[in-house]
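Residue-level structure breakdown
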Amino acid sequence: EPEVTQTPSHQVTQMGQEVILRCVPISNHLYFYWYRQILGQKVEFLVSFYNNEISEKSEIFDDQFSVERPDGSNFTLKIRSTKLEDSAMYFCANRQEMNTEAFFGQGTRLTVV
Amino acid sequence: EDQVTQSPEALRLQEGESSSLNCSYTVSGLRGLFWYRQDPGKGPEFLFTLYSAGEEKEKERLKATLTKKESFLHITAPKPEDSATYLCAVQQNYGQNFVFGPGTRLSVLP
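Notes on the structure in this doc start here. (Residues numbered from 1 in each chain as written. Chains lettered and ligands numbered in written order. Predicted model: local features only at pLDDT ≥ 70, side-chain atom pairs only at ≥ 80, totals over all residues. Heavy atoms only, no water.)

1. Comments concerning the state of the cysteines
- For the structure on display, the rule yields two disulfides over all chains.
- Here Cys23 of chain A connects covalently by a disulfide to Cys92 of chain A, the sulfurs 2.0 Å from one another. Given an S-S torsion of about -60°, the disulfide between Cys23 of chain A and Cys92 of chain A has left-handed geometry. Here Cys92 of chain A lies in strand β9 (residues 88-95) and Cys23 of chain A lies in strand β3 (residues 19-24), a separation of 69 residues in the sequence.
- The exposure class of Cys23 of chain A is buried, given its relative accessible area of 1%.
- In this model Cys23 of chain B forms its disulfide with Cys88 of chain B; the gap between the sulfur atoms is 1.9 Å. (Disulfide = S-S within 2.5 Å. Helix = DSSP H or I, 4+ residues; strand = E, 2+ residues; numbered from the N terminus. Buried < 20%, exposed > 50% of the residue type's maximum accessible area, 1.4 Å probe, protein only.)

In structure tokens:
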């Protein structure tokens, strides 16, 4: 069964440093998402990406965040200057069409110290 | 404000003891309601999609139903391997993203 692959599985970074989280989506899927989950809290929407541009973003997704498909296949989330409160699990998700289910990766645990 | 709530927050069952989890939603136009299972430290794993009131979906010991205001996930004769957090998520007609509920943490004791 096709899988969404995320790397790294765990990243520890110092406050103020830049991090890039990577996702290899399922090949024929068109809609891409990033979600995050702070420990013990709900899964929260960050951003959706379709047709090579951001289609929706939440209030969390401020100027410190950006997304890209640098090579037309991989999908990345960059946090420019990390803060302690950015510590969370970050999930990449994608779906084939608007009305279908989304498949999630196993997540990247980001720890900001 | 659009909202998704789930109850109970946590549920402990004995193996074989059937029960139901609830997901209540208030959104202005439902495009779809999704159930996921999440194991500790892992990503959500897709279970079911429901699109309209009255719809039901079944998979092994799980059955999901949908009304205009809520969805139920029925677990029949659960086994310890069904222990996980069950998440409900809704997508509105005018949006692309999902709004997740807080989840129900299910423990099935042998």
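2. Comments concerning the pairing of strand β9 (residues 84-92) of chain B
Residue and element names in this part refer to chain B.
- Among the nine residues in β9, nine count as buried, and that is most of the element.
- Of the two faces of β9, the one carrying Ala84, Tyr86, Cys88, Val90 and Gln92 and the one carrying Thr85, Leu87, Ala89 and Gln91 are both buried.
- Both strand β4 (residues 30-38) and β9 contribute to a ladder of eight bridges, which runs antiparallel. Across the sheet, Leu33 pairs through a bridge with Val90, a residue of β9.
- Bridge count between β9 and strand β11 (residues 104-109): three bridges; the pairing is antiparallel. Residue pairing in the sheet places Tyr86 in a bridge with Thr104 of β11. (Pairing = 2+ DSSP bridges.)

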